[in-house]
Amino acid sequence: MDSTTYNDVMENTNLEPATQLQGKRILLGISGGIAAYKTVDLARKLTQAGAQVRCVLTEGATHFVSATALQAVTGVAVRHSLWDEAAEAAMSHIELARWADTLLIAPATADVMARLALGMANDLLTTLALATQAKLCLAPAMNGMMWRHPVTQANLAVLQQRGAKILMPESGSLACGDTDTGRMPEPVSIVDWLAQLDIPSLWQGKKLLITAGPTVEDIDPVRFIANRSSGKMGYALAQAARDMGAEVCLISGPTQLKPPAGIKVVQVRSAQQMFEAVQCHFNGIDLMLAAAAVADYRVEQVAEQKLKKQGEQALTLTLVQNPDIVAWAASQPNRGRVIAFAAETENLLAHAQSKLQRKGVDAVLANSVAEGAGFDQPQNQLTLVTHQGVHEFPLADKSLLAQQVLTYFASTECSI
Ligand code: C5P
């Protein structure tokens, strides 16, 4: 248990970009909607996530986004015409269609969706869409009336039936001045969506309960006791579990992280509140991952007013033990698997093994926090200690590590 400053706990701690796009060959088709202006950032983020990106613009898109800017961020010339002899000589459109493993069209206008649904090949982008075997992914964006129009919805249904993946437009303020459905999601959301399309649905139909972040134990209205957990590991697990098809409930202490969309989030502050939330959501779960750094103690009596200095006298706070949440979970009858975490500064394996016995859990995921390692870092290294043995997860980005951990638990029956 550490006492810490507000800034330590509230430091900005966003999750790392998806790593599943490493080595992917993405053909980014950009059609002529105002959201095209976001595609320079999109192309940059895809490149940063490790993908190779080549851009193809429709005629309309050239009015909204600069080919020079797209070339600058991807390092490759941008194409927009079937009739560009120099570009065709360098790499023909058929070669380009074969090169891609993903055709992402963002934004996809009503017009492009209609032409794709009909199988037209009247420009470079639609010709590529017919000539490629790449996975077709669309981020439609348009005026709300155009989006809801029965013909657009019928085209959408045709494309979905044919296997196209669709990232639905969001609601919000549109370029036309309306507040309506039709906005293209932000580039970071498109990158995350694309990354999770390739993750196997190993947890489909399963319920996961994940605790994350620190707990904050108030001393008085302005001071508290907490610890250095950023919540990144727990949030990465929640996101990976969601991407693998699980129904996820994330119970989180105060963090600076944005919870992943599409999961149930319960925000709490103290260990006692986290305990109550876990009790409330424990029934029927298949797996609990207790990644929260729960404070072992809280002050016996929270002062109603700010404590004042008492001359030269030392201040004595009486601390009482918090309930051990994961031990409670492990003691429940007919429960799903319960996994504890252990952040240790020394004797990692010995402490993890004793925690496994003491808490009665099925496994302990231990990591070293000697000299600050693991805290608030994008990467982590975990040692899994079960009743059957030990398994190492080498140093990796927390998002990748989360997937590896969930893949392991999906395929390995570790339990007491
Ligand atoms: O005993 P220690 O705090 O080191 O154990 C860490 C593990 O126990 C973590 O999984 C943490 O979430 C869980 N824990 C808990 N309730 C507590 C203390 C720890 O669930 N009061």
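In this report, the structure presented in the accompanying data block is examined. The structure displayed is predicted, hence computed values, not measured ones.

### Re the packing of helix H2 (residues 39–48) against helix H10 (residues 187–196)
H10 packs onto H2 with a crossing angle of 40 degrees between their chain directions and a minimal axis gap of 9 Å. The orientation of H2 relative to H10 falls into the category oblique. The two elements H2 and H10 cross, and the hand of that crossing is right-handed. Across the interface between the two elements, Asp 41, Leu 42, Lys 45 and Leu 46 from H2 touch Pro 187, Val 188, Ile 190, Val 191 and Leu 194 from H10. Within the contact of H2 with H10, the residues separate by chemical class into seven nonpolar, no polar and two charged.

### Regarding the sheet that holds strand E16 (residues 337–344)
Read from one edge to the other, the open sheet built from eight strands follows the order E12-E11-E8-E13-E16-E17-E18-E19, with strand pairing classed as mixed. Because the sheet does not close on itself, it has two edges, and the strands there are strand E12 (264–267) and strand E19 (390–397). Between one strand axis and the next, the sheet turns through 15 degrees on average, direction left out of account. As judged from the six bridges shared by E16 and strand E17 (residues 363–368), these two strands associate in the parallel manner. Each bridged residue has a counterpart across the sheet, and for Glu 344 the counterpart in E17 is Ser 368. On top of the sheet, helix H14 (residues 348–359) reaches E16, E17, strand E18 (379–386) and E19; it is set at about 155 degrees to E17, its chief contact.

### With respect to the environment of Ala 117
In this fold, Ala 117 is placed in helix H6 (residues 110–118). Considered as a pair, Ala 117 and Ala 157 are 40 residues apart in the sequence and their alpha carbons are 9.0 Å apart.

### A short note on the site of the ligand
Close to the ligand lie Ala 290, Ala 292, Val 294, Asp 296, Pro 323, Asp 324, Ile 325, Val 326, Ala 340, Phe 341, Lys 355 and Lys 359, which account for all nearby residues. Here an oxygen atom of the ligand and a backbone polar atom of Ala 292 are 2.6 Å apart. Its free accessible area being 450 Å², the ligand has 87% of it covered by the protein chains. Taking a 2 Å distance to the grid points as the criterion, the majority of the atoms of the ligand fall inside the largest pocket.

### Describing the sheet that holds strand E1 (residues 25–30)
The five strands are arranged E2-E1-E3-E4-E5 in an open sheet whose pairing can be described as parallel. Of all strands in the sheet, those bounded by a partner on one side alone are strand E2 (52–57) and strand E5 (165–166). Sheet topology places strand E4 (residues 135–140) next to E5; two bridges connect them, and they run parallel. Bridging from a neighbouring strand, Cys 137 pairs with Lys 165 of E5.

### A closer look at a nonpolar patch on the surface
Residues Tyr 297, Leu 315, Leu 317 and Leu 319 make up a contiguous nonpolar surface patch of roughly 340 Å² in combined accessible area. Note that Tyr 297 resides in strand E14 (residues 297–299). Take Tyr 297: its relative accessible area is 32%, and that puts it in the partly exposed class.

### Section: the nonpolar core
Across soluble globular proteins, nonpolar side chains have a tendency to be buried as a group. Formed by 35 residues in total, the largest nonpolar core has its most connected members in Leu 237, Leu 289, Leu 365, Leu 406 and Phe 409. Every residue in contact with Leu 406, bar those within four places of it in the chain, is listed here: Trp 203, Leu 208, Leu 237, Ala 240, Ala 241, Met 244, Leu 287 and Leu 289. Ranked by size, the runner-up nonpolar core spans 30 residues in total, among them Ile 30, Ala 36, Leu 57 and Cys 137.

The rules behind the values
Residues numbered from 1 in each chain as written. Predicted model: local features only at pLDDT ≥ 70, side-chain atom pairs only at ≥ 80, totals over all residues. Heavy atoms only, no water. Axes fitted to C-alpha atoms, helices over the stretch in contact; angles between N-to-C directions. Helix = DSSP H or I, 4+ residues; strand = E, 2+ residues; numbered from the N terminus. Parallel < 35°, antiparallel > 145°, perpendicular 65-115°, else oblique. Left-handed = near helix turned anticlockwise from the far one by under 90°. Contact = heavy atoms within 4.5 Å. Nonpolar A, V, L, I, M, F, W, Y, C, P; charged D, E, K, R; others polar. Pairing = 2+ DSSP bridges. Near = heavy atom within 4 Å. Polar contact = N/O pair within 3.5 Å; in protein donor to acceptor, adjacent residues only side chain to side chain. Areas by Shrake-Rupley, 256 points an atom, 1.4 Å probe, with all protein chains shown as cover. 1 Å grid on protein atoms, 1.4 Å probe; cavity = no way out; pocket = protein on both sides within 12 Å on 5 of 7 lines; lining within 4 Å. Sits in = over half its atoms within 2 Å of the grid points. Patch = residues over 30% accessible without salt bridge, like charges linked within 9 Å, V, L, I, M, F, W, Y side chains within 5 Å. Salt bridge = Lys/Arg side-chain N within 4 Å of Asp/Glu carboxyl O. Buried < 20%, exposed > 50% of the residue type's maximum accessible area, 1.4 Å probe, protein only. Core = buried A, V, L, I, M, F, W, Y, C linked by side-chain atoms within 4.5 Å.

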